[in-house]
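Below, each chain spelled out in residue letters.
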Amino acid sequence: MGIRASTAAPDWSPTHHRGEAKCRAPSMNPTRGRDVFFTDEQLALAVCNGDFDGQVCPRRTECLRVSMLNKEGFGIWGGMTSKDRLALRMRHPGMPERWTWHPPTEESNT
Ligand code: SF4
């Protein structure tokens, strides 16, 4: 039995009017071949939130929304850790309109 997303991920490609998801762009892979989203959480956050290159991912808001709706329990989504997404859900249960990006907490950075 597989896990099924309740909300399908949108088109993250460069043809989308808001631009390509940064994690898809080869130039945003600072480790050249190693997927930071599986190996380096802090670097993945830096890519999403623009600390790596000065540009926030143009798809960050919808990425966060998709992960929250699907209750993604692992990984970096929408520039937030799973722990911070859970905290956001606890603060605003059942209120997707309030699920907006917040800077990673100090605890997540340690
Ligand atoms: S915000 Fe989402 S879509 Fe954008 S780089 Fe991060 S994980 Fe990828």
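Since this is a predicted model, take the numbers as computed values, not measurements.

(A) Just unusual backbone geometry, in detail. In this structure, Lys71 takes a positive phi of about 55° despite not being glycine. Position of Lys71 relative to the elements: it lies in the loop between α3 (60-69) and α4 (82-91).

(B) Molecular detail of the packing of aromatic side chains. Under the criterion given, the structure shown has 0 aromatic pairs. Above the plane of the ring of Trp101 lies Arg60, whose end atom (NZ or CZ) is 3.9 Å from the centre. Residue placement shows Arg89 over the ring face of Trp99; its charged tip is 5.1 Å from the ring centre.

(C) Quick peek at the site of the ligand. In the vicinity of the ligand there are 11 residues, among which Ala21, Cys23, Cys48, Cys57 and Cys63 approach most closely. Tallied by class, residues from the shell around the ligand come to 7 nonpolar, 2 polar and 2 charged.

(D) Examining the nonpolar core more closely. If you look at the biggest cluster of nonpolar residues, it comprises 5 residues: Leu64, Met68, Met80, Leu88 and Trp99. The contact partners of Leu64, leaving out residues within four places of it in the chain, are Trp77, Gly78, Met80, Arg85, Leu88, Trp99, Thr100 and Trp101.

(E) View of the side chain of Asn49. Structurally, Asn49 is set in helix α2 (residues 41-49). Within polar-contact distance, the side chain of Asn49 engages the backbone oxygen of Gly79 at 3.1 Å. At 3.2 Å, the side chain of Asn49 and the side chain of Trp101 are in polar contact. Those residues in contact with Asn49, other than ones at most four positions away along the chain, are Val56, Arg60, Gly79, Trp101 and Pro104.

Basis of the calculations
Every chain begins its residue count from 1, and numbering advances along the sequence as written. For this predicted model, a pLDDT threshold of at least 70 governs which residues receive local features, and a threshold of 80 or more governs which side-chain atom pairs are given and counted, while totals over whole chains, interfaces and linings are taken from all residues. Note: side-chain values were computed over all heavy atoms of the structure, leaving out hydrogens and water. Think of it this way: any DSSP run of H or I at least four residues long counts as a helix, any run of E at least two long counts as a strand, and we number them from the N terminus. Here a Phe, Tyr or Trp ring, Trp counted by its six-membered ring, pairs with any other such ring whose centre lies within 6.5 Å, and the pair is stacked when the planes are under 30 degrees apart, edge-to-face when over 60, and tilted otherwise. By definition here, charges over rings are those cases where NZ of Lys or CZ of Arg is within 6 Å of the ring centre and within 35 degrees of the ring normal. A single heavy atom is enough: if one lies within 4 Å of a molecule or strand, its residue is considered near that molecule or strand. Each residue gets one label: Ala, Val, Leu, Ile, Met, Phe, Trp, Tyr, Cys and Pro are nonpolar, Asp, Glu, Lys and Arg are charged, and the others, such as Gly, are polar. Take the buried Ala, Val, Leu, Ile, Met, Phe, Trp, Tyr and Cys residues and link them wherever side-chain atoms come within 4.5 Å; each set so joined is a nonpolar core. Exposure is judged per residue with a 1.4 Å probe applied to protein chains only, and the accessible area is read against the type maximum: over 50% gives exposed, under 20% gives buried, and values in between give partly exposed. Residues count as neighbours in contact if any of their non-hydrogen atoms are within 4.5 Å of one another. Counting of polar contacts relies on pairs of N or O atoms within 3.5 Å, with two restrictions inside protein: one atom must be capable of donating a hydrogen and the other of accepting it, and residues adjacent in sequence are counted only when both atoms are side-chain atoms.

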